[in-house]
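Here is how the chains run, residue by residue.
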Amino acid sequence: MPSDRHWVGTWAAAPAPAEGVVGFNNHTLRMNPRISLGGDRLRVRISNAYGNRPLAVGAAQIALRDKGPAIVADSGRKVSFGGGDSAVIAPGAVLFRDPVELSVPPLADLAVSFHLPGEVLANFAITGRYARQTNYVSPPGNFVADRVMPVGNLSDQWFFLCGVDVLAPSEAGGVVALGDSLTDGNISTIDAYCRWPDQLARRLVAHGGRPIAVVNNGLGGNRILHDIRGDSGLRRFDRDVLAQPGVTHAIVMLGTNDLRNRWAKPEEEVTAEQMIAGLHQMTVRAHSAGIKLIGATLTPFGNETFMANAWNPTRERHRVTVNAWIRESGAFDGVADFDAALHDPKIPTQMRAVDDCGDGLHPSDSGYCKMGDAIDLALFD
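Report on the accompanying structure. Quick caveat, the model's predicted, so the values are computed rather than measured.

Cut-offs used in this document
Residues numbered from 1 in each chain as written. Predicted model: local features only at pLDDT ≥ 70, side-chain atom pairs only at ≥ 80, totals over all residues. Heavy atoms only, no water. 1 Å grid on protein atoms, 1.4 Å probe; cavity = no way out; pocket = protein on both sides within 12 Å on 5 of 7 lines; lining within 4 Å. Points joined across faces, edges and corners; volume = space filled by probe spheres on them. Helix = DSSP H or I, 4+ residues; strand = E, 2+ residues; numbered from the N terminus. Pairing = 2+ DSSP bridges. Axes fitted to C-alpha atoms, helices over the stretch in contact; angles between N-to-C directions.

1. Some points on empty space enclosed by the protein
- One pass over the full model with this rule turns up two cavities of 30 Å³ or more.
- In this structure, the largest cavity occupies an estimated 260 Å³ of space.
- What lines the largest cavity is a set of 21 residues, and nearest its centre among them are Trp-11, Arg-34, Arg-195, Asp-198 and Asn-216.
- At the level of secondary structure, the elements contributing two or more residues to the lining of the largest cavity comprise strand 1 (5–12), helix 2 (196–207) and strand 17 (212–218).
- In terms of residue count, helix 2 provides more of the lining of the largest cavity than any other element does, four residues in total.
- As a volume, the second largest cavity reaches approximately 30 Å³.
- Forming the boundary of the second largest cavity are Val-8, Gly-9, Gly-174, Val-175, Val-176, Val-215, Gln-244, Pro-245, Gly-246 and Val-247.
- Sorting the residues of the lining of the second largest cavity by element identifies strand 1 and strand 16 (173–179) as the ones contributing at least two each.
- Per-element tally for the lining of the second largest cavity: the top contributor is strand 16, with three residues.

2. Overview of the sheet that holds strand 7 (residues 77–79)
- One open sheet holds the six strands; their spatial order is 7-6-11-3-13-14, and the pairing between them is antiparallel. The sheet is open, and its two edges are formed by strand 7 and strand 14 (153–155), each paired on a single side. Recorded for the sheet is a direction-independent mean angle of 25° between the axes of neighbouring strands.
- Sheet topology note: the strand 3 (residues 24–31)/strand 11 (residues 110–120) ladder contains seven bridges and is antiparallel. Residue pairing in the sheet places Arg-30 in a bridge with Ser-113 of strand 11.

Don't take any of this as a statement about function, it's just geometry.
What follows is the structure, given as structure tokens:
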């Protein structure tokens, strides 16, 4: 690898345990990540983070996506594993595929295809609970090299694919978005790319200057302090932030689900002080790794209908206290004030109606984009 270039994550999805029945047997997966930073050399990462048995992966290809399950003609590049066509990923491990030469512009849509030759049961991992975009599962067979892959099923989940990296100039940086469903983009329009990390990536490309990638490691339901579906933010911080290739900055928006206490466990009812202590630990760990951490304020959910009794005045006081600490403590290297961007000035415990998807918790498409617009790009200079 040239000394003036390094690997930077240009797309990612956070591993999490499977929910419901997820099974494959001699199927080809074709998934369509939209990258942030472009380049001419790529590599793909596949995760078996929550598998309890080895995961066999057969033939694989990366290409530019055309439409639907089709790829752009002549853009397909065979992907190998240590020079071989297949590999076995140990339980809990991640596999870095061999680099391939493929010129891709910023914000390009890729098609990553790989064949699962054996039976894959539901106790394997999916990654990224709310893909909010269409991915494809073939009928039985290896269709990795097909320009238009036959479709057996559609899916809005990511399966096993956890990252795409680009070989970038030495000055290039990377931003990891660490959050819950409000970062993952739940309820946003499928295939519209309205998540706030998408909007941040678009703004950084238009801004020019230092090349900066953005990867979305949001995970629906995630909390700072307690596991709920997959690991807590504190538990997954090393894997999903510190270990991301080329990361220079991270933006953390976690705490809403700590407050909502979805399982209503008395021992998991949190205080602002506990949440602040957890966030402070993230700043210490980021700074120890030379990464700048930006704190994002928590958006209001005073009229939430997504879950009954999620909001109460005590939890609101904790939210306000946490937001004040994020803004004023100086613990972070910058602040993304999402609360200020979305709250209704007349009813600050709620989002503005235009920025609310309708459930009082998740933003609308325009609300998500306003979150991306609220981040000062000078933080990444």
